[in-house]
Amino acid sequence: MTLQDPKIRPERPVIRQLDEAAVNRIAAGEVVERPASAVKELVENALDAGARRVEVVYADGGKTLIRVTDDGCGMTAEDLPLALARHATSKIDGSDLLNIRSFGFRGEALPSLGAVARLKITSRAEGGEAAAIAVAGGRMAPVRPAALTKGTVVELRDLFYATPARLKFLRSDRAEAQAIKDVVQRLAMAEPFVGFTLRDGTGGGEGKLIFRADAEQGELFGALSQRLRTLIGKDFADNALAIDAEREGIRLTGYAALPTYSRGAAVEQFLFVNGRPVRDKLLIGALRAGYMDVLSRDRHPAAVLNLICDPERVDVNVHPAKAEVRFREPGIARGLIVSALRHALAEAGHRASSTVAGLTLGAMQPEPGQPRIYQMDRPSQAALRTAYTAQAPLAPELAEASARFDPDPILEEPQDQQPLGAARAQVHENYIIAQTANGLVIVDQHAAHERLVYERLKRQRDENGVAAQALLIPEIVDLSEGDARLLLDHAEALGQLGLTIEPFGGGAIAVRETPAVLGEVNATALLKDILDELHDLGDSQRLQSRIDAVLSRMSCHGSIRSGRRMRPDEMNALLREMEQTPLSGQCNHGRPTYVELKLSDIERLFGRT
């Protein structure tokens, strides 16, 4: 070691067997990083026990109290001491560590928690008597009779009291409480048919209710949608697309939000593998790739996705907290996520997030002040028809009137029954105002046409392929032999995008052709960028994204410019093409191309409701 005062003495060290208390405290350092880690382990135990209701209570950010109550199968008095022994578990028999179908399987959580805190477990199995056991700092008390109707109550007090140095590394009570909420919410998303309650018991008493999610009923997608509406909010549920796709025995289910419902950070990305919450680089990269063509780099998609496969095709025993997994066939899993997301987004057509309209209406609200008072009654439909008749041109009762109105021919077209309605006007030579059957639509003509041209260019590229330009003198790029082999394994896919590479001996790669649309290319930098993605994600979209970026710039220059006056037939033609073009609800950078305002919202602005 480089420390001035090394911990290992100069004389020959002696190998010792650590005692059980030290072993458990070391294990606790891996499994129990913070109060939220303890909550995760305890709630997962409750779910593995078949609980239908789980209640979590914490105090002072989980530092002084964590209590998890469930109505699961419970334990007998004989089971309790064994539950606190290391590597004792009811979830596996040890013969097959790949076929794991439960959250927990190592048997480390409870003894680790008992080594660093004051732990008490009260449980009752069906047909048996309730019993309780306590352990503090690794010292176990005898089993005692207790009072409990059903299930298990695990109470954890004074976390890390036995290792006070760990307390210095915890964050504020508020930050730790937020981490607990995040953990419980993720598990609640994974189990929509289980009821969850989270309370802050700081100060004693019943505690403050943080959130409550009752067990949902019905089929999976309906139950999950209702659970997400409770946990994430109405806006996500209203703007999310159902995902249900399968490839080679791996199934992907969940919800993914529209591109125009994007976030400034990855705060609404919830990924699961066989119902287990994970934070896996492969899955996060696949999620980004699915939205690559519809979001700018500083925006993040929102999604709740669960990848379901045979447990033997994924290794969940590669991370101390089981937060990362390793797939036997990572390419299949990644390809399924990317293709399922792109297909769902394309199926959504021109649809844009409803939150865009909400922001627009919010901007139109008057300044706060005295409440507005309107002295008006809403006329009946019969009165409205009479008024319209009286205002119509050449009405009999107004035959002698001097004023006459000739309607514009476009008003007579029945296009207002179309999703994006009929064009009524153009304002500031940039925005199209269209009337729909139940509201109006405001379209950014440049952004909308830019997306249409971009999709047209991509279709042409997919139909005709990417044109390649041959280099007069092939460019030789020196790499390690491992990197060269990795690139050559993807040579066919890169060739379809116009990049032709060949082995040149050892770790050298010869670049013979590059995509013509990219112009002059720094082949060394491009190959190294592709290699970085291959190492990190197992796949690379770098070349594809660079080609798409060029097509995006071409579409920007080839689209209708702001400031151009459009004829009514041109405006309507643009609206009809938007309705038929996938992804036309957002421009190439993820911004909305139109805003839809419902008639009821407009009337509310004018106090007519």
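Residues numbered from 1 in each chain as written. Predicted model: local features only at pLDDT ≥ 70, side-chain atom pairs only at ≥ 80, totals over all residues. Heavy atoms only, no water.

S.K.: Help me out: how do you make sense of the pattern of salt bridges in this one?
M.R.: Should their charged atoms come close, side chains of opposite charge can pair. One pass over the full model with this rule turns up 30 salt bridges. For Lys 458, the salt bridge identified is with Glu 455, shortest N-O distance 3.3 Å. Taken together, the positions of Lys 458 and Glu 455, both in helix H13 (residues 445–464) and 3 residues apart, correspond to about one turn of that helix. Residue class for Lys 458 comes out buried when judged on its relative accessible area of 10%. A relative accessible area of 9% means that Glu 455 is categorised as buried. A salt bridge links Arg 564 to Glu 570; its shortest N-O distance comes to 2.6 Å. Arg 564 sits in the partly exposed class, given a relative accessible area of 37%. (Salt bridge = Lys/Arg side-chain N within 4 Å of Asp/Glu carboxyl O. Helix = DSSP H or I, 4+ residues; strand = E, 2+ residues; numbered from the N terminus. Buried < 20%, exposed > 50% of the residue type's maximum accessible area, 1.4 Å probe, protein only.)

S.K.: What am I meant to see in the sheet that holds strand S19 (residues 439–444) here?
M.R.: In any sheet, the strands associate via hydrogen bonds between backbone groups, in a parallel or an antiparallel arrangement. Spatially, S17-S18-S19-S23 is the arrangement adopted by the 4 strands of the open sheet, whose pairing is antiparallel. Edge positions in the sheet fall to strand S17 (422–427) and strand S23 (594–598), since each of these pairs with one other strand and no more. Taken over all neighbouring pairs, the strand axes of this sheet differ in orientation by 20 degrees on average, direction set aside. With respect to the sheet, H13 is in contact with S17, strand S18 (431–436) and S19, its orientation differing from that of S19 by roughly 70 degrees. (Pairing = 2+ DSSP bridges. Axes fitted to C-alpha atoms, helices over the stretch in contact; angles between N-to-C directions. Contact = heavy atoms within 4.5 Å.)

S.K.: Explain the packing of helix H6 (residues 173–190) against helix H7 (residues 220–231) here, please?
M.R.: Packed helix pairs are characterised by how far apart their axes lie and by the angle those axes make with each other. H7 packs onto H6 with a crossing angle of 165 degrees between their chain directions and a minimal axis gap of 9 Å. What the angle tells us is that H6 and H7 run roughly antiparallel. In this structure, H6 meets H7 at a crossing whose hand is right-handed. Contacts from Gln 185, Ala 188 and Met 189 in H6 reach Leu 224, Arg 227, Leu 228 and Leu 231 in H7. Split into classes, the residues belonging to the contact of H6 with H7 amount to 5 nonpolar, 1 polar and 1 charged. (Parallel < 35°, antiparallel > 145°, perpendicular 65-115°, else oblique. Left-handed = near helix turned anticlockwise from the far one by under 90°. Nonpolar A, V, L, I, M, F, W, Y, C, P; charged D, E, K, R; others polar.)

S.K.: Where do I start with the nonpolar core in this structure?
M.R.: Side chains of a nonpolar character, in soluble globular proteins, are inclined to be buried together. Counting 61 residues, the largest nonpolar core has Val 43, Val 54, Ile 121, Phe 196 and Phe 236 as the members making the most contacts within it. Per-element accounting of this core gives the leading share, 9 residues, to H6. (Core = buried A, V, L, I, M, F, W, Y, C linked by side-chain atoms within 4.5 Å.)

S.K.: How should I be thinking about the sheet that holds strand S21 (residues 500–503) in this particular structure?
M.R.: Within the open sheet, the 3 strands sit side by side as S20-S22-S21. Their pairing is antiparallel. Only two strands of the sheet have a single partner each, and these edge strands are strand S20 (468–478) and S21. Taken pair by pair, the neighbouring strands of this sheet meet at an average axis angle of 20 degrees, ignoring direction. As paired elements, S20 and strand S22 (residues 508–515) share 7 bridges and run antiparallel to each other. Its bridge partner being in S22, Asp 478 is matched across the sheet by Ala 508. Running at roughly 135 degrees to S21, helix H14 (residues 481–489) makes contact with S21 and S22 of the sheet.

S.K.: I would appreciate a short explanation of H13 in the present structure.
M.R.: For an α-helix, 3.6 residues make a turn, and residues three or four places apart therefore share a direction. For H13, with 20 residues, the first-to-last C-alpha span of 29 Å sits near the 28 Å given by 1.5 Å per residue. Counting buried residues in H13 gives 14 out of 20 residues, a clear majority hidden from the surface. N-capping of H13 is provided by Asp 444, with a side-chain oxygen placed 3.2 Å from the backbone N of His 446. Note on H13: the residue one or two positions beyond its end, Gly 465, has a positive phi of about 85 degrees. (Expected span 1.5 Å × (residues − 1). Polar contact = N/O pair within 3.5 Å; in protein donor to acceptor, adjacent residues only side chain to side chain.)

S.K.: Would you mind showing me how to read the packing of aromatic side chains here?
M.R.: Within a pair of aromatic rings, the relevant descriptors are the distance that separates the centres and the angle that separates the planes. Applying the stated rule across the entire model yields 2 aromatic pairs. Here the aromatic rings of Phe 221 and Tyr 255 are separated by 6.0 Å at their centres, their planes lie at 75 degrees, and the arrangement is edge-to-face. Placement of the pair is Phe 221 in helix H7 and Tyr 255 in strand S11 (residues 250–257), with a sequence separation of 34 residues. Of the residues examined, Phe 221 reaches a relative accessible area of 15% and is grouped as buried. For Tyr 255, a relative accessible area of 11% corresponds to the buried category. Ring plane angle 65 degrees and centroid distance 6.1 Å describe the contact between Phe 236 and Tyr 261, whose orientation is recorded as edge-to-face. Note that Phe 236 is positioned in helix H8 (residues 234–238) and Tyr 261 in the loop between S11 and strand S12 (269–273), a separation of 25 residues in sequence. For the pair Phe 236 and Tyr 261, a shared accessibility class is recorded, and that class is buried. (Phe/Tyr/Trp six-rings, centres within 6.5 Å; stacked < 30°, edge-to-face > 60°.)

From the geometry alone we can't say anything about function, so treat these as descriptive.
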